[in-house]
Amino acid sequence: MDIIDFNKPSNVKKVKVVKKVVTQPTGVNKQQQNKEYYNKALERIIQLLKENNPSLATQTNIQLEKPQIDKLGTKKTLWKNFEAICMQMNREAQHVSQYFLIELGTEGSQADEKLIIKGRYTSTQIETLIKKYLYEYVLCSLCKSSDTTLIRDVESRLYSKECKNCKATKTVATLKISNKKQK
């Protein structure tokens, strides 16, 4: 008859757990040194950029007014401040109107400072297309500046946008003019 002692297991090995304490030197560790070096280098680069080319050091956001959209009858949309938005983007109204009519897949016409579009569209749909137009035809792809010009090469019939800040140029897609007449 074996006596079983529940307090002490008989065939279990005892394992000692050793805590390893790592002591760090009292000075600054390598990560902190790298971070300090990076911050100093970044500050120096920004300072040199401000001194040599202040237009690249300061980032300006393009501020456009909200498109004023009204319903014109039952099947047309009137964009009241179309010309003002084109001037803020520094683009020709004809190019912008062609882009919008192609993207919306409809017909339309310019009257005074307004754009009349065949179909019913909301201001959020127009705002989405404005953002798309900005990224494709206005903002510089390198420095994200809105200070660009759209130049059309007569020989190749390609459009290119040229940044006035960083002098970068990029060829952009030409608009495909539909065969239908704009009314």
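Reference entry: report on the structure contained in this document. Note that the structure is predicted; figures quoted are calculated from it, not measured.

**Structural notes on the sheet that holds strand β1 (residues 69-72)**
Each strand in a sheet pairs with another by means of backbone hydrogen bonds, the pair being arranged parallel or else antiparallel. Here 4 strands make up an open sheet; going across it, the order is β1-β2-β4-β3 and the pairing antiparallel. Taken across any chain shown, the strands that pair with only one partner, and hence form the sheet edges, are β1 and β3 (108-111). Each strand of the sheet is rotated relative to its neighbour by a mean of 25°, with strand direction disregarded.

**Notes on the packing of helix α4 (residues 93-104) against helix α5 (residues 123-138)**
In helix packing, the relevant descriptors are the interaxial angle and the interaxial distance, both defined with respect to the helix axes. Running from amino to carboxyl end, α4 crosses α5 at an angle of 120°, the nearest separation of the two axes being 11 Å. By the angle between their directions, the pair α4 and α5 is classed as oblique. For the pair α4 and α5, the sense of crossing is right-handed. Residue-level contacts link H95, V96, Y99, F100, E103 and L104 of α4 to I126, L129, I130, K132, Y133, E136 and Y137 of α5. Of the residues that constitute the contact of α4 with α5, the class distribution is 9 nonpolar, 1 polar and 3 charged.

**Considerations on the side chain of K161**
Here K161 is to be found in strand β6 (residues 159-163). Within the buried core, K161 has no salt-bridge partner, and the shortest N-O distance to an opposite charge, that of E136, equals 8.5 Å. Here the side chain of K161 touches E136 through a polar contact of 3.3 Å, landing on its backbone oxygen. Sequence-distant contacts of K161, that is, excluding residues within four places in its chain, are made with Y135, E136, Y137, V138, L139, T149, L150, A168, T169, K170 and V172.

**Observations concerning the sheet that holds β6**
Read across the sheet, 3 strands follow the order β5-β6-β7 without closing on themselves; strand pairing throughout is antiparallel. Pairing within the sheet leaves two strands with one partner each, and these edge strands are β5 (148-152) and β7 (169-172). Between one strand and the next, the sheet's axes are offset by a mean angle of 25°, whatever the strand orientation. Note that β6 and β7 share 4 bridges and pair antiparallel. What sits directly across from E162, in β7, is T169.

Scoring rules and cut-offs
- Residues numbered from 1 in each chain as written.
- Predicted model: local features only at pLDDT ≥ 70, side-chain atom pairs only at ≥ 80, totals over all residues.
- Heavy atoms only, no water.
- Pairing = 2+ DSSP bridges.
- Helix = DSSP H or I, 4+ residues; strand = E, 2+ residues; numbered from the N terminus.
- Axes fitted to C-alpha atoms, helices over the stretch in contact; angles between N-to-C directions.
- Parallel < 35°, antiparallel > 145°, perpendicular 65-115°, else oblique.
- Left-handed = near helix turned anticlockwise from the far one by under 90°.
- Contact = heavy atoms within 4.5 Å.
- Nonpolar A, V, L, I, M, F, W, Y, C, P; charged D, E, K, R; others polar.
- Buried < 20%, exposed > 50% of the residue type's maximum accessible area, 1.4 Å probe, protein only.
- Lys, Arg positive; Asp, Glu negative; His and termini not counted.
- Salt bridge = Lys/Arg side-chain N within 4 Å of Asp/Glu carboxyl O.
- Polar contact = N/O pair within 3.5 Å; in protein donor to acceptor, adjacent residues only side chain to side chain.

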